[in-house]
Amino acid sequence: MRYDLFMAGFGGQGVLLAGNLLSYGALIEEKNVSFLPAYGVEKRGGAAMCTVVIANGEVGSPVIGRPSFCVYLNQTSFERYGAKVKDGGIAIINSSLVDDSGWQRSDLEVIRIPMNRIAMDLGDARMVNMVAAGAYAARSGAVALESLEQALKSVLPERNHRFIPANMLAIRAGAAAITP
Amino acid sequence: MQQVFKRPVSLKDVQTHFCPGCNHGTIHRLVAEAMDEFGVRERTIGVASVGCSVFLYGYFDVDVVEAPHGRAAAVATGVKRARPDSFVFTYQGDGDLAAIGTAEIIHAANRGEDITVIFVNNTTYGMTGGQMAPTTLVGQKTSTSPYGREHAKDGSPIRMAELLAQLGGVAFSARVAVNTSRNLMDAKKQIKKAFRYQVEGKGFSFIEALSTCPTAWGVTPIQANERVGRELIEYFPLGIFKDTADWNPQSSPTAPVEQPGALPFPEFMHEI
Amino acid sequence: MSQRLFVKGNEAVAMAAIEAGCRYYFGYPITPQSDIPEYLSRELPKLNGEFIQAESEVAAINMLLGASATGVRAMTSSSSPGISLKQEGISYMAGSELPGVIVNISRSGPGLGGIDASQADYWQSVKGGGHGGYHIVVLAPASIQEMYDLTMLAFDLADIYRTPVMVLADSVVGQMKEALLPNPRPVTTLPEKGWAVRGRKEGTPQMIVKSLFLGDGELEAHNWKLHGKYDVMREKECRQELFLTDDAELIITAFGSVARIAKTAILMAREAGMKVGLLRPITLFPFPAQAFKEVTGRCKKILDIELNNGQMVEDVRLSVARDAEVFFYGRPPGAGSLPVPEELFEQIIKHY
């Protein structure tokens, strides 16, 4: 199997961390991964995006023109990159910040998740990226949630390991938002 | 019978290619004597520059790396960092060190690289045929300043020994000349001191040696020597511009306060 | 088996340098390669090595020259504008037959250009970027594993042939993260560095590292010697990847990051029933001319894809069988010009 993901938001939303987390999770599952980051001009507040490819065999191109799976965390990235999703693909939208009314993509499966609200209900709006990662993992089946839990230990610096349980709650909440 | 004068063992028994009246041979000898005195020949790595001094390996009986034009201080940095036990010196002319190699010399000095730099200043580009150098005196005619160097157009000659003395990494900076026997004796003393500083791991040591170029200057060897005493020393005063001998890094976290202008050599005064 | 790590390409280069025994690094900051000096500034002091942030690219390459002249393994890294500045030193190192590793995580130009991925330094890298008519070995990794493996190989080739070796990549391979198996340094028989300057001990000959040869015929002989080495490299050191070329009716050739994108396009073509393969040069100098000759003995159509306006394609044209057709598709580098697999697939359809 081969999974690809394009995730975009603004700097500070943790897009790159989420991409890293999913990549590590896949690595733990003995899969091959490429993680290609891109920044806007400013590291914080500018655009942040990444492309992740997970494959059992060779990854091939780390650059994906029309990803089959896209996650949009803010309005700007949705407007700028909404057209990227491959025909018949899947888009996960952070409906707390993105208004997609009037989007003419009837071919897509669009999943709207109020990620900021979920994160805030769990006590920290900064966990939006974890909600997104959980939602992607659950819908795509690219990575198991257990692998993400293990991956958090590698992705987070040691001093932040105390936040792993809270992050796992956010990941599971994101996953739960997928399965009705 | 006691032999009182002999060729330093660090110097090869060959004739130099230098023009009659050129001071390179004399300065080579002083450097070789210092090498002998400290017994560092077997661990010396010389860095040759581009100019008349490029044939360093032809005269010094030591291992030599040839640097691109102006880059001797950077090459020496690489050599010394890779082989900290070696004794590393560069030998550079004024075009090489004070024009195309200005960045390299300033930063090697500022880092306090544990190397010794012999800077030979004859106020011209000798090997390329006597063009204007950064050290050419105002009014001096060269093949590229046929009307004489103009301050307004070409700036003024750079005093490297003074300039480098201001940098924190420099342990020793002095200007010497070999135009008279008295100056030559002084030069010998300062070169040895510069060597000793590296041997003792004190940091960057710098010797600016005023020199002649009778060929480019269009004068006889004797006239060239006279010009050093008459014109060069007037603009480029001899002396020590920095000496950290008495500086105790334990008691003083910062570099010693520099005194303005040249300090006279301790034992000789120069009125030529 | 050692554990797979997940690292950036730039970090893989730095890790490989340390594994290869390199303890001396000299560099100047420039995007997008600063992870390399950052990593080595942290790690080399722990290994009694030396890291110097030089005052300029020119100084950095000359510090490399000096360190290398003493026989140690040393490296520098930069990106395109910085590599232009280093060309003086590279020419001197080539002339003085000094080993040394130079990493170019290239960016778009000319001039200040931009920081986006670029393959526009191909000519500068393989044709002798400085004066005097020399070559250096140029290796073009396309994955994080190759960033690691080829950097280690670079040190060996540098020592074996007494030549500067360049690792030429771009920000895709430099900034991307992938799994890395940090293989131990391969066992290689390396020549003694008897030529190095270490101080002339009594009874040993004087060592001189130089590129100046003024005697009648000396420089010509030296140049013949250098070019003799290049011929040996052409014979022994060509490396390439062949992917699905056996039955191919169209062969794509590309190097580095673009070859990765092309590979996915090739798989799209295969799914559509088109017999397309890939010939990816791994050594850009020596150029794997023989491999091109062989594949075009059977497959008569080659499509060269580059992130520039057409540079490697000149070497491809010189290498293919006489009756082969060579097509070119390139995008000059800059923001947004990195081609995607779908775009290359269209090119495949066009030329198939």
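Above this note sits the structure.
Attention in this report is confined to the structure presented alongside it. Since the model is a prediction, treat every value here as computed from it, not as a measurement.

Time to look at the overall build of chain A. Broken down by element type, chain A carries six helices and six strands. Written out in order from the N terminus, the α and β elements of chain A read β-α-β-β-β-α-β-β-α-α-α-α. In summary, chain A has a C-alpha radius of gyration of 15 Å against a globular reference of 16 Å for 180 residues, a match within 12%. Its C-alpha atoms give chain A principal-axis dimensions of about 45 × 40 × 40 Å. When burial is assessed residue by residue, chain A has 56% of its 180 residues classed as buried. Put simply, 54% of the contacts in chain A that link residues at least 6 apart link residues at least 24 apart. Surface accessibility of chain A: about 7,800 Å² in total, with carbon and sulfur atoms responsible for 51%. Taken as two groups, the 17 positive and 16 negative side-chain charges of chain A have centres that lie 3 Å from each other.

Right, let's talk about the packing of aromatic side chains for a bit. Applying the stated criterion to the full structure yields 17 aromatic pairs over all chains. Between Y235(B) and F236(B), the aromatic rings sit 5.0 Å apart at their centres with planes inclined by 85°, giving edge-to-face as the arrangement. For Y235(B), a relative accessible area of 21% puts it in the partly exposed group. Seen from their ring centres, F287(C) and F292(C) are 5.1 Å apart, and the 15° between their planes marks the pair as stacked.

Turning our eyes to something else, we now look at the sheet that holds strand β5 (residues 170–177) of chain B. Across the sheet, eight strands lie side by side as β7(B)-β5(B)-β6(B)-β4(B)-β3(B)-β1(B)-β2(B)-β9(C); this open sheet has mixed pairing. Each of the sheet's edge strands pairs with one partner strand only, and the pair in question is β7 (239–243) of chain B together with β9 (208–209) of chain C. Here β5(B) runs beside strand β6 (residues 204–210) of chain B; their pairing, made up of seven bridges, is parallel. Looking at β6(B), one finds that F172(B) is bridged to S205(B).

Among the two pairs of chains in contact, the pair with the most contacts is chains B and C. Chain B makes no contact with chain A, the minimum C-alpha separation between the two being 32 Å.

Glancing now at the environment of E237(C). All names here are of chain C. Examined against the element boundaries, E237 turns out to sit in the loop between α8 (218–236) and β10 (240–243). Judged by its relative accessible area of 11%, E237 is buried. Taking the C-alpha atoms as reference, E237 lies 8.7 Å from P288; in sequence the two are 51 residues apart. The residues contacting E237, other than those within four sequence positions of it, are L157, Y161, V232, T283 and P286. At a separation of 2.7 Å, a polar atom in the side chain of E237 contacts the side chain of Y161.

This part covers the pattern of salt bridges. Across all of its chains, the model carries 48 salt bridges over all chains by this definition. For R29(B), the salt bridge identified is with E33(B), shortest N-O distance 2.7 Å. Of this pair, R29(B) and E33(B) both sit in helix α1 (residues 24–38), four residues apart, which is roughly one turn of the helix. Residue K8(C) pairs with D35(C) through a salt bridge whose shortest N-O separation is 3.0 Å. Pair noted here: K8(C) is in strand β1 (residues 5–8) and D35(C) is in helix α2 (residues 35–43), with a separation of 27 residues, a long-range link. Here the salt bridges do not stand alone but share partners, grouping E58(A), E146(C), E241(C), K263(C) and R280(C) into one network.

A few words now on the sheet that holds strand β6 (residues 137–139) of chain C. Sheet strands line up and pair through hydrogen bonds in the backbone, either parallel or antiparallel. Residues and elements named next belong to chain C. Strand order in the open sheet formed by seven strands is β3-β2-β4-β5-β7-β6-β13, with mixed pairing between adjacent strands. Two strands bound the open sheet, and with one partner strand each, they are β3 (50–53) and β13 (283–285). In this sheet, adjacent strand axes meet at a mean angle of 20° when their direction is disregarded. Relative to β13, β6 runs antiparallel, the two being bridged by two bridges. Following the sheet pairing, V138 is matched in β13 by F285.

Basis of the calculations
Residues numbered from 1 in each chain as written. Chains lettered and ligands numbered in written order. Predicted model: local features only at pLDDT ≥ 70, side-chain atom pairs only at ≥ 80, totals over all residues. Heavy atoms only, no water. Helix = DSSP H or I, 4+ residues; strand = E, 2+ residues; numbered from the N terminus. Rg over C-alpha atoms; globule rule 2.2 N^0.38 Å. Buried < 20%, exposed > 50% of the residue type's maximum accessible area, 1.4 Å probe, protein only. Contact = heavy atoms within 4.5 Å. Areas by Shrake-Rupley, 256 points an atom, 1.4 Å probe, with all protein chains shown as cover. Lys, Arg positive; Asp, Glu negative; His and termini not counted. Charge placed at Lys NZ, Arg CZ, Asp CG, Glu CD. Phe/Tyr/Trp six-rings, centres within 6.5 Å; stacked < 30°, edge-to-face > 60°. Pairing = 2+ DSSP bridges. Polar contact = N/O pair within 3.5 Å; in protein donor to acceptor, adjacent residues only side chain to side chain. Salt bridge = Lys/Arg side-chain N within 4 Å of Asp/Glu carboxyl O. Axes fitted to C-alpha atoms, helices over the stretch in contact; angles between N-to-C directions.

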